[in-house]
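What follows is each chain in one-letter form.
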Amino acid sequence: MSDALLKKSTGSAIAGAATLLAGFISTVVVANLLGVEGAGLVAFAVWLSVVLAPVIDGGTSLSVLRFFADRTGRKDHQGAQALAGFLLRRLLGFAIVAAIAAVAIAVIAPGAARDAVRTLFPAVDIATATGLVALVVALTLAQALATFTISYHRGAQAFGFLAKIAAVAFALQVAAVTIGTLFYGATGAVAGYVLGQTTLALFALPLVLHRAPLEPLLRREIWQYGRYAWAANMCNIFVWSRMEILFLQLYWGAAEVGLFSVAVALAALASQGPLLLTGAFLPVLAAHNSRGDKEAVQKVFSNGTTIVALLALPACFGMAAIAQPMIVLLYGPDFAAAGTATAIILVAAAISVSSTIGTHLVNALGRSDFIFWSSIAGAVVAVALGFLLIPEFGLVGAALTRASVQIAAVMLGIWFITRRLRYAYPFARLIRLTLAAAAPAGAAFAVTQLVAGPLGLLEAILAGLVVYPLSLRLFGALGPDERAAIIHFAERFPPFSRPAANAFVSFLAPAHQS
């Protein structure tokens, strides 16, 4: 991994960590202050905005990420800025149309609108439900603009600045959610989420002033890519956006939604940590592809996939092993029933997160058509399994639905990358890493069965940390590229610690073994 890519990945990880922690801590605060049903109410409101934001996005966020990096790779900086302004104005146009449509429905058919509000939030009075719907609308707009802000800065590879504004948004959201929940309950909690996303959204607005003519060919390419990206996002709602929450709300109620939201939040804490390092890969892959350097694309893809798996597999397997006591510690015994669902989601997440660089590769090569068609297939499977499993099995059925759809999507993506794009997938290395990650997870689970409470949880984590390096060496899981990347990263440590770091790397992957 080059110096530049390492620096960009670190900045991207910090920005993503701020966003991830804001959501996770907010979930913990709401769960402890409002209980299972209150947490479910807030989770459903936030989920609605997550689902609706891609609808008004129109594919603009993925387009600015992909084409800004492409223009920059061609040294067309003025064209890149004009492109960002063009896409932001398009996003704002979509948002205005959506807002007008929502107001029109409320004015033309107030009875139907009122019934829809009651259907969405049946556990609260109509005034509270109306307030929640208004906040969902505001959060949807803020979420769409915040996503555009993040995509723009990633496309511009301005990861340092993105990390700073994400940290500010993190602090404001956690404070606002805590204060809002204490004084105004679920409504105040959702308002806190709005404030956090609005902080990021404001940084996108100045881009609207960037104007310059775009080449007709580029406009057509943006239109085609954005159309497929938007359609794929619509289908991805069923695959990646926790559509299971809707089925749980309809068939089981807010309490089950609350348990599922805790399972997803804890799974995200483990699985998205490694994912945060991947934000810099799409623009780098797109830049290499714009220069026609297929060898460089292959190297970045292979090395990135194995490095992400090196971190994601033990994080996900390990958290699955200690999910039950971790939930009780963070959320309380009322949420203990979420343990099994959390473990199921985490096992699937280990596979899906490890394939993230492959998704970036497909996007970097402009193959949003494949993402569209595969998303349609995933959406059909998700809906079918939702009706088949969730009404009967509730929380566990939702977890199995999510896991099955995501694993199927990964398998389809691997087929496309290897058979159609003709890039090699590092299967052998991934198998070794999977075996190496299973050992510490097994050790951690055994400890939780022998020692109860927080002490057992601490000992389980320590056991996993001790066993993983041993299993990496035993299975020869690290190749020369991974060894070189870790050594290169260790060079950033303080001078006095580098000999120890190098000795540790030599233990994990002896030179003769690599």
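Up top is the structure.
Residues numbered from 1 in each chain as written. Predicted model: local features only at pLDDT ≥ 70, side-chain atom pairs only at ≥ 80, totals over all residues. Heavy atoms only, no water.

Undergrad: Mind showing me how you'd approach a nonpolar patch on the surface here?
TA: Among the surface-exposed residues, Leu 33, Ile 179, Leu 182, Phe 183 and Tyr 184 lie close enough to one another that they form a single nonpolar patch of about 620 Å² accessible area. Here the element with the most residues in the nonpolar patch is helix 6 (residues 159–201); it accounts for 4 residues. Relative to the elements of secondary structure, Tyr 184 occurs in helix 6. Assessed through its relative accessible area of 66%, Tyr 184 is described here as exposed. (Patch = residues over 30% accessible without salt bridge, like charges linked within 9 Å, V, L, I, M, F, W, Y side chains within 5 Å. Areas by Shrake-Rupley, 256 points an atom, 1.4 Å probe, with all protein chains shown as cover. Salt bridge = Lys/Arg side-chain N within 4 Å of Asp/Glu carboxyl O. Helix = DSSP H or I, 4+ residues; strand = E, 2+ residues; numbered from the N terminus. Buried < 20%, exposed > 50% of the residue type's maximum accessible area, 1.4 Å probe, protein only.)

Undergrad: Even after reading the chapter, I still don't get the packing of helix 17 (residues 453–474) against helix 19 (residues 498–508), so can you show me in this structure?
TA: Relative orientation and spacing of two packed helices are given, respectively, by the angle between their axes and the distance between those axes. Where helix 17 meets helix 19, the axes come as close as 8 Å, and the angle between the chain directions of the two elements is 50 degrees. With respect to each other, helix 17 and helix 19 are oriented oblique. Residues Pro 469, Leu 470, Leu 472 and Arg 473 of helix 17 touch helix 19, and the partners they reach there are Phe 504, Ser 506, Phe 507 and Leu 508. The residue inventory of the contact of helix 17 with helix 19, partitioned by class, reads 6 nonpolar, 1 polar and 1 charged. (Axes fitted to C-alpha atoms, helices over the stretch in contact; angles between N-to-C directions. Parallel < 35°, antiparallel > 145°, perpendicular 65-115°, else oblique. Contact = heavy atoms within 4.5 Å. Nonpolar A, V, L, I, M, F, W, Y, C, P; charged D, E, K, R; others polar.)

Undergrad: Sorry, what's going on with the environment of Ile 322 here?
TA: Along the chain, Ile 322 falls in the loop between helix 11 (294–321) and helix 12 (323–331). In this structure Ile 322 comes out as buried when scored by relative accessible area, which is 5%. Note: C-alpha distance between Ile 322 and Ser 506 (184 residues apart in sequence) is 30 Å. Apart from residues lying up to four places away in sequence, Ile 322 is in contact with Ala 444, Thr 448, Leu 457, Ala 460 and Ile 461.

Undergrad: Please explain the packing of helix 16 (residues 427–450) against helix 17 as it appears in this structure.
TA: Between helix 16 and helix 17, the shortest axis-to-axis distance is 8 Å and the interhelical angle comes to 155 degrees. Compared by their axis directions, helix 16 and helix 17 come out roughly antiparallel. Helix 16 and helix 17 meet at a crossing whose hand is right-handed. Between helix 16 and helix 17, the contacting residues are Leu 433, Ala 436, Ala 437, Ala 439, Pro 440, Ala 443, Ala 444, Val 447 and Thr 448 on the first element and Gly 456, Glu 459, Ala 460, Ala 463, Gly 464, Val 467, Tyr 468, Ser 471 and Leu 472 on the second. Class assignment for the residues of the contact of helix 16 with helix 17 results in 13 nonpolar, 4 polar and 1 charged. (Left-handed = near helix turned anticlockwise from the far one by under 90°.)

Undergrad: Whenever I open this one, the pattern of salt bridges confuses me. Can you help?
TA: Oppositely charged side chains can form a pair if their charged atoms are brought close together. Following the criterion strictly, the structure yields 2 salt bridges and no others. The residue Arg 118 makes a salt bridge to Asp 115 at a minimum N-O spacing of 3.6 Å. Placement of the pair is Arg 118 and Asp 115 together in helix 4 (residues 110–120), with a separation of 3 residues, close to one helical turn. Classification of Arg 118 by relative accessible area gives partly exposed; the value is 42%. Since its relative accessible area comes to 45%, Asp 115 is described here as partly exposed.

Undergrad: Help me understand the environment of Ala 265 in this model?
TA: Inspection of the secondary structure assignment puts Ala 265 in helix 9 (residues 254–275). Considered as a pair, Ala 265 and Ala 343 are 78 residues apart in the sequence and their alpha carbons are 12 Å apart. Discounting chain neighbours no more than four positions away, the residues touching Ala 265 are Phe 24, Thr 27 and Tyr 331.

Undergrad: Would you explain a positive patch on the surface in this entry?
TA: A surface patch of positive charge is lined by Lys 294, Arg 419, Arg 420 and Arg 422. Along the chain, Arg 420 turns up in helix 15 (residues 368–420). (Lys, Arg positive; Asp, Glu negative; His and termini not counted. Charge placed at Lys NZ, Arg CZ, Asp CG, Glu CD.)

Undergrad: Looking at this model, I keep getting lost on the side chain of His 153. Mind explaining?
TA: Along the polypeptide, His 153 turns up in helix 5 (residues 126–155). Engagement of the side chain of His 153 in a polar contact is seen with the backbone oxygen of Thr 149, the distance being 2.9 Å. Beyond its immediate stretch of four places on either side in the chain, His 153 contacts Ala 158, Phe 159, Phe 161, Leu 162 and Ile 165. (Polar contact = N/O pair within 3.5 Å; in protein donor to acceptor, adjacent residues only side chain to side chain.)

Undergrad: How should I be thinking about the packing of aromatic side chains in this particular structure?
TA: Across all of its chains, the model carries 11 aromatic pairs by this definition. Relative to Phe 121, the ring of Phe 44 has its centre 5.7 Å away and its plane inclined at 75 degrees; by these criteria the two rings are edge-to-face. Pair noted here: Phe 44 is in helix 1 (residues 3–57) and Phe 121 is in the loop between helix 4 and helix 5, with a separation of 77 residues, a long-range link. Like Phe 121, Phe 44 is buried. Ring centres of Tyr 331 and Phe 335 lie 5.8 Å apart, and the angle between their planes is 50 degrees; on these two criteria the pair is classed as tilted. Phe 335 shares its class with Tyr 331; the two are buried. Linked through ring pairs, Phe 44, Trp 47 and Phe 121 together constitute an aromatic cluster. Between the NZ or CZ atom of Lys 294 and the centre of the ring of Tyr 423, over which it lies, the distance is 4.9 Å. (Phe/Tyr/Trp six-rings, centres within 6.5 Å; stacked < 30°, edge-to-face > 60°. Lys NZ or Arg CZ within 6 Å of the ring centre and 35° of its normal.)

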